[in-house]
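Now for the letters of each chain:
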Amino acid sequence: MGFLFLFVSSLAFAQQTPMVKAEIDTTNIRIGEQFNLKISVDETQNVILPKLQLKGLEIVDSTKTDTVKKSLIRKYILTGFDSGAFYIPQQQIFVKNQAFLTDSLLVNVATIAIDTTKVKKFPIKSIKSEPLTFDDFKIYIYILLAALAIIGFWIYWFVIRKRKEEEEEPTYRALPPFEEAIFRLNELDEKLLWQNNKVKEYYSELTEIVRGYIERELHVPALEKTTDEVLDMLKDFKNAETIQTSEDTIKKLKDLLQEADLVKFAKSKPLALEIEEDRKDAQDIVSNLKPKPIIEENDELE
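Residues numbered from 1 in each chain as written. Predicted model: local features only at pLDDT ≥ 70, side-chain atom pairs only at ≥ 80, totals over all residues. Heavy atoms only, no water.

Asker: Even after reading the chapter, I still don't get the overall build of the protein, so can you show me in this structure?
Answerer: The number of helices and strands found in the protein is eight helices and 13 strands. The proportion of buried residues among the 302 residues of the protein is 24%. Counting every atom, the protein has about 22800 Å² of accessible surface; 55% of that belongs to carbon and sulfur. (Helix = DSSP H or I, 4+ residues; strand = E, 2+ residues; numbered from the N terminus. Buried < 20%, exposed > 50% of the residue type's maximum accessible area, 1.4 Å probe, protein only. Areas by Shrake-Rupley, 256 points an atom, 1.4 Å probe, with all protein chains shown as cover.)

Shown next, in the form of structure tokens:
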């Protein structure tokens, strides 16, 4: 009988022992003063501590959950910035999927009493202007830089650039058609195009020189016309006796232009001797194809 009573008493005491507990080190603080909150759980396995819920109080800091003598303990540093009485509400903690509640705790936050009779009074000071910073001058600096940029552009565009253009104006005179053609033929020789397997480029430039000479000397658009059109035009000029040339010169021109067309469009590859012969023919054409001089009537009467 005594054993049964002892067992029931032990069971009742165990049921009265709380599984979770919340404690604070003080119940009265002043505004801004800090105090400690400790939550302990008499179990270390399958324990969930939710986020601390507060009203009117704030968390300053907290520690990690610690294990002490088969219990979990977590500490918080709290404070309050409003005067009044505030409750730390019951905190719900889960232990092995079962919910437990801590006790709610009351904390009084009091204001700091100030004795205005003992406060030292100071005279009202005049308003002081703030020290100048870069931002105060920023807009003026930007305006100055923009103005300098505009002035610099104006000087370059209307003075330096104009002077440079005047200095770079060509001072050479245009050569007469025959002299220009001979000069360009000699330049073509120095390029060694066909000797470096650039036959197409060579014939293109060679015929361009000849056509350019005809265009300048006879004042006709020879560069824009086809081979047949150029030949027909020269035959008409010869029949009208407006140019000085021979049938052999026109034949050389025909052979040269046709050979160039074959090289450019039919990918013909003439031999070295043929290329050199075409070069000689080009100079002969330039030398023997000229407009007939105009004889004034006064000269004929004399």
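That shown, we press on.
Asker: Looking at this model, I keep getting lost on the sheet that holds strand 8 (residues 84-88). Mind explaining?
Answerer: The pairing of strands in a sheet comes from backbone hydrogen bonds and takes either a parallel or an antiparallel form. Judged by pairing direction, the sheet is mixed, and its three strands sit side by side in the order 2-11-8 without closing on themselves. Only two strands of the sheet have a single partner each, and these edge strands are strand 2 (28-30) and strand 8. The mean angle between the axes of side-by-side strands here comes to 30°, regardless of whether they run parallel or antiparallel. In the sheet, strand 8 pairs with strand 11 (residues 105-110) via five bridges, with the strands oriented antiparallel. Across the sheet, I88 pairs through a bridge with L105, a residue of strand 11. (Pairing = 2+ DSSP bridges. Axes fitted to C-alpha atoms, helices over the stretch in contact; angles between N-to-C directions.)

Asker: How do you make sense of the packing of aromatic side chains when you look at a structure like this?
Answerer: What characterises a pair of aromatic rings is the spacing of the ring centres plus the angle enclosed by the ring planes. A full pass over the atoms with the stated rule returns three aromatic pairs. Geometrically, the ring pair formed by W154 and F158 is tilted, given 5.7 Å between the ring centres and 40° between the ring planes. Residue W154 and its partner F158 are located together in helix 2 (residues 134-168), separated by four residues, close to a single helical turn. Judged by its relative accessible area of 46%, F158 is partly exposed. Each ring, one from Y202 and one from Y203, has its centre 5.7 Å from the other, and the planes form 85°; the classification is edge-to-face. Relative accessible area serves as the criterion here: at 0%, Y203 is assigned to the buried category. (Phe/Tyr/Trp six-rings, centres within 6.5 Å; stacked < 30°, edge-to-face > 60°.)

Asker: Where do I start with helix 5 (residues 227-239) in this structure?
Answerer: Along an α-helix, a turn takes 3.6 residues, which lines up residues three or four apart on a common side. In this model, helix 5 (13 residues) spans 18 Å end to end at C-alpha, consistent with the 18 Å of a helix rising 1.5 Å per residue. Listed as buried for helix 5 are T227, V230, L231, M233 and L234. The buried residues of helix 5 occupy an angular sector of 160° when projected down its axis, which confines them to one face. Exposed residues pointing more than 90 degrees away from the buried face of helix 5 are listed as D228 and N239. On its buried side, helix 5 packs onto helix 4 (199-218), strand 12 (243-244) and helix 6 (247-265). Looking at the residues trailing helix 5, positive phi occurs at E241, about 55°. (Expected span 1.5 Å × (residues − 1). Arc of directions from axis to C-beta. Contact = heavy atoms within 4.5 Å.)

Asker: Would you explain a nonpolar patch on the surface in this entry?
Answerer: On the surface, a nonpolar cluster with roughly 1200 Å² of combined accessible area is contributed by L132, F134, F137, I139, Y140, I141, Y142, I143, L144, L145 and L148. Its place among the elements puts Y142 in helix 2. (Patch = residues over 30% accessible without salt bridge, like charges linked within 9 Å, V, L, I, M, F, W, Y side chains within 5 Å. Salt bridge = Lys/Arg side-chain N within 4 Å of Asp/Glu carboxyl O.)

Asker: What is the right way to read unusual backbone geometry from this model?
Answerer: Most peptide bonds take the trans configuration, and most residues that are not glycine carry a negative phi. The phi dihedral of N46 falls on the positive side, at around 55°, and the residue is not glycine. Take N46: it is sitting in the loop between strand 3 (34-41) and strand 4 (47-48). Residue N46 is classed as exposed on the basis of its relative accessible area, which comes to 57%. Positive phi, close to 65°, is recorded for N97, a residue that is not glycine. Mapped onto the fold, N97 is located in the loop between strand 9 (92-95) and strand 10 (98-101).

Asker: What exactly am I supposed to notice about the sheet that holds strand 9 here?
Answerer: Here three strands make up an open sheet; going across it, the order is 4-9-10 and the pairing antiparallel. The open sheet terminates on both sides in strands that have one partner only, identified here as strand 4 and strand 10. Taken together, the four bridges between strand 9 and strand 10 define a ladder with antiparallel strand orientation. Its bridge partner lying in strand 10, V95 is registered against Q98.

Structural measurements only, silent on function.
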